[in-house]
Amino acid sequence: MTADKIRAIVFDIGGTLMEYKNMPYVWTDFYPAAFEGVRKKLGLAISDDDIKKSVEILKSFNPRINYREEEIAPEKIFAEALKEWNCGFSLSEVITEFFAEFKLVPYIYPETVPTLQRLKTDGYIIAVLTDVAAAMPDEMHKNCFKELLPYFDMYVSSLSCGYRKPNPKGLYDIRNRFGLSKEEMIFVGDEKKDIDTAKRFGCSGVLISKSREIGNFGEDFCIGNLNELFELV
């Protein structure tokens, strides 16, 4: 990678630009309480056994547990998870209340906005490629970092492109949108799948590791925080 060739910087979201406070790597432990909250909030006549079955079905769709690259719409996942609920309910209301029970607290890293502002001023194309949490609607996902959206020239999620990382479909969509070459792009992320995405696509992969304790994933560069990105571009 040569700095004078870079035109576009693509970022992962979670763990790279922001995080959810006090949330585990896999959210499945929250599923039972979330369904119980749905039952109470919406006054649904479902049993504990119904909830247990729904939890297991929803877990089966979680890509952290059962690996998959093809994305599945939240409505399809929840329709399958709730198929034995013999009561009237609104699917959209269930989905909304389910994730409301997680009580997500987004935390935008202090260096994120200044970094994005500087890249904008310097004329770089800024895009994001993010995997949406299993069964979460895209709009709900975006609402957690809505203050960042004005900085993005293109937002691509696993739902909008149809595939989860490390499938590189999202990077191809960004390249095609702006008429870029692979050499003109870099992908910045905090996980192995981000680096694998960059490698499968053919652009440089930048690993952000605040602790610098993550093993080598074949990244082209490793930085400790977003400020160090300017040493590369």
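In what follows, the accompanying structure is described. (Residues numbered from 1 in each chain as written. Predicted model: local features only at pLDDT ≥ 70, side-chain atom pairs only at ≥ 80, totals over all residues. Heavy atoms only, no water.)

1. Remarks on the overall build of the protein
This is how it is decided: In this description a helix means any DSSP run of H or I spanning at least four residues, a strand means any run of E spanning at least two, and both kinds are numbered starting from the N terminus. Our radius of gyration looks at C-alpha atoms and nothing else; its globule reference is 2.2 Å times the residue count to the power 0.38. Between buried and exposed lies partly exposed: a residue is buried under 20% and exposed over 50% of the maximum accessible area for its type, with that area taken using a 1.4 Å probe on protein chains only. Only heavy atoms enter the contact rule, under which two residues are in contact if any of them lie within 4.5 Å. Here, Shrake-Rupley sampling with a 1.4 Å probe gives the accessible areas, and only protein chains in the shown set may cover a residue. Positive charges are assigned to Lys and Arg, negative charges to Asp and Glu, while His and the chain termini are left out of the count. By convention, charge coordinates are those of NZ in Lys, CZ in Arg, CG in Asp, or CD in Glu.
A count of helices and strands for the protein gives nine helices and eight strands. Taking 17 Å as the expected radius of gyration for a compact globule of 233 residues, we find that the protein reaches 19 Å, a close match to that expectation. If one aligns the C-alpha atoms of the protein with their principal axes, the spans along those axes are about 60 × 30 × 30 Å. The 233 residues of the protein split such that 52% are buried. Pairs at least 24 residues apart make up 67% of the contacts formed inside the protein by residues separated by at least 6 positions. Total accessible area on the protein is roughly 10,900 Å²; 48% of this is exposed by carbon and sulfur atoms. Of the side-chain charges in the protein, 30 are positive and 37 negative, and the distance between the mean point of each set is 1 Å.

2. Looking at the nonpolar core
Note the cut-off: Put simply, buried Ala, Val, Leu, Ile, Met, Phe, Trp, Tyr and Cys residues joined by side-chain atoms within 4.5 Å make one nonpolar core.
One finds Ile9, Phe11, Phe78, Phe98 and Phe152 to be the most contacted residues of the largest nonpolar core, which totals 58 residues. The residues touching Phe11, leaving out its near neighbours within four places in the chain, are Thr16, Leu17, Leu116, Leu119, Ile126, Ala127, Val128, Leu129, Phe187, Val188, Leu226 and Leu229. In terms of nonpolar packing, the next biggest core, distinct from the first, is built from 16 residues, Ala127, Met154, Cys161 and Phe187 among them.

3. Quick notes on helix 3 (residues 74–81)
Since the α-helix packs 3.6 residues into each turn, any two residues three or four apart lie on the same face. The test is simple: Think of it as the arc spanned by the lines of direction from the helix axis to the C-beta atoms.
By the burial criterion, the buried members of helix 3 are Pro74, Ile77, Phe78 and Ala81. The buried residues of helix 3 occupy an angular sector of 90° when projected down its axis, which confines them to one face. Summarising the contacts, the buried residues of helix 3 are in contact with helix 1 (31–42), helix 2 (48–60), helix 4 (91–100) and helix 7 (158–161).

4. What to know about unusual backbone geometry
Here the amide bond leading from Lys165 into Pro166 is cis, since omega sits at 15°, within 30 degrees of zero. Looking at the element boundaries, Pro166 is found in the loop between helix 7 and helix 8 (169–178). Phi is positive for Ala135, which is not a glycine, with a value near 75°. Along the polypeptide, Ala135 turns up in the loop between strand 4 (125–130) and helix 6 (138–143).

5. A few points about the sheet that holds strand 8 (residues 221–223)
Where we set the bar: One requirement defines pairing of two strands: DSSP has to find at least two bridges between them. To define axes, lines are fitted to C-alpha atoms, for helices over the stretch in contact only, and angles between the resulting N-to-C directions are given on a 0 to 180 degree scale.
Strand order in the open sheet made by the six strands is 5-4-1-6-7-8, with parallel pairing throughout. Each edge of the sheet is formed by a strand with only one pairing partner; in this case those strands are strand 5 (154–157) and strand 8. Taken over all neighbouring pairs, the strand axes of this sheet differ in orientation by 20° on average, direction set aside. Against the sheet, helix 8 contacts strand 1 (8–11), strand 4, strand 5 and strand 6 (185–189), and its axis sits at roughly 155° relative to strand 5.

6. Regarding the pattern of salt bridges
The cut-off we apply is this: Salt bridges are identified by distance alone: a Lys or Arg side-chain nitrogen within 4 Å of an Asp or Glu carboxyl oxygen.
Per the stated rule, a full pass over the model turns up 20 salt bridges. Across the pair Lys83 and Glu80 runs a salt bridge, and its minimum N-O distance is 2.8 Å. Judged by relative accessible area, Glu80 falls into the partly exposed class, the value being 32%. Lys193 is the salt-bridge partner of Asp131, the closest N and O atoms lying 2.8 Å from each other. Within this pair, whereas Asp131 is found in the loop between strand 4 and helix 6, its partner Lys193 is found in helix 9 (residues 192–201), the two being separated by 62 residues in sequence.

7. Let's talk about the packing of helix 3 against helix 4
As a reminder of what qualifies: An angle below 35 degrees is read as roughly parallel, one above 145 as roughly antiparallel, one from 65 to 115 as roughly perpendicular, and any other as oblique. Side-chain classes are defined by residue name, with Ala, Val, Leu, Ile, Met, Phe, Trp, Tyr, Cys and Pro counting as nonpolar, Asp, Glu, Lys and Arg as charged, and the others, Gly among them, as polar.
Interhelical geometry of helix 3 versus helix 4 gives an angle of 95° and a closest axis separation of 10 Å. Taken together, the axis directions place helix 3 and helix 4 in an arrangement best described as roughly perpendicular. In this structure, helix 3 uses Pro74, Glu75, Phe78 and Ala79 to contact helix 4, whose residues at the interface are Leu91, Val94, Ile95, Phe98 and Phe99. By residue class, the composition of the contact of helix 3 with helix 4 is eight nonpolar, no polar and one charged.

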